[in-house]
Amino acid sequence: QVQLVESGGGLVQPGGSLRLSCAASGRTFSNYGVGWFRQAPGKEREFVAAISRSATYWGGGRTYYADSVKGRFTISRDNAKNTVYLQMNSLKPEDTAVYYCAAAYDHVATTQEGYDYWGQGTQVTVSS
């Protein structure tokens, strides 16, 4: 299996930016699709972005985004560092949530059920 650790969360003002990281260990990370999900208090966990497996050591892969974050968030991967990133720009209070990364062997998905491994989450708070 693969172990995942998220980092990079924090407090930011509306309109600001954060970059989240998802660091993996235990397997060759290029063989895994990776997704980002978020969960706000009292709400269901929702899909944010995903990136497919890559055959290159430097990254690549096809990307997918929820409509709510298109044009603001960017997912990318660096297979040499076993890390997937979520660059979040133009943040809104509605983006406040715990953000989780998840991995699935040899496929990518936009639902929670499509993933096998999950990190512990990192808190993102957008407030003035």
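Structure shown above.
Counting restarts for each chain, with residues numbered from 1 along the sequence as it is written. Given that this is a predicted model, residues contribute local features only at a pLDDT of at least 70 and side-chain atom pairs are listed and counted only at 80 or more, while totals for whole chains, interfaces and linings are drawn from all residues. Hydrogens and waters are ignored; side-chain quantities use all the structure's heavy atoms.

J.: Looking at this model, I keep getting lost on the pattern of salt bridges. Mind explaining?
T.: A pair can form between side chains of opposite charge whenever their charged atoms are brought close. What makes a salt bridge here is a side-chain nitrogen of Lys or Arg within 4 Å of a carboxyl oxygen of Asp or Glu, nothing more. A full pass over the atoms with the stated rule returns five salt bridges. Notably, a salt bridge pairs R38 with E46, separated by 2.7 Å at the nearest N-O pair. Accessible area is worked out with a 1.4 Å probe on protein chains only. A residue is then buried under 20% of its type maximum, exposed over 50%, and partly exposed in between. Since its relative accessible area comes to 5%, R38 is described here as buried. Judged by relative accessible area, which is 32%, E46 ranks as partly exposed. Residues R38 and D95 are paired through a salt bridge, measuring 2.9 Å at the closest nitrogen-oxygen approach. Residue R38 is found in strand β4 (residues 32–39), and its partner D95 is found in the loop between β8 (83–88) and β9 (97–105); the two are separated by 57 residues along the sequence. For the purposes of this entry, the term helix denotes a DSSP run of H or I that reaches at least four residues, the term strand denotes a run of E that reaches at least two, and both are numbered from the N terminus.

J.: So what exactly am I meant to see when it comes to the state of the cysteines here?
T.: Two cysteines whose sulfur atoms are joined by a covalent bond form what is called a disulfide. Note on disulfides: each one is a pair of cysteine sulfur atoms within 2.5 Å. In total, this model carries one disulfide according to the counting rule given. Between the sulfur atoms of C22 and its disulfide mate C101 the distance is 2.1 Å. Measuring the twist about the S-S bond at about 65°, one finds the C22-C101 disulfide to be right-handed. Taken together, the residues C22 in strand β3 (residues 18–25) and C101 in strand β9 connect sequence positions 79 residues apart.

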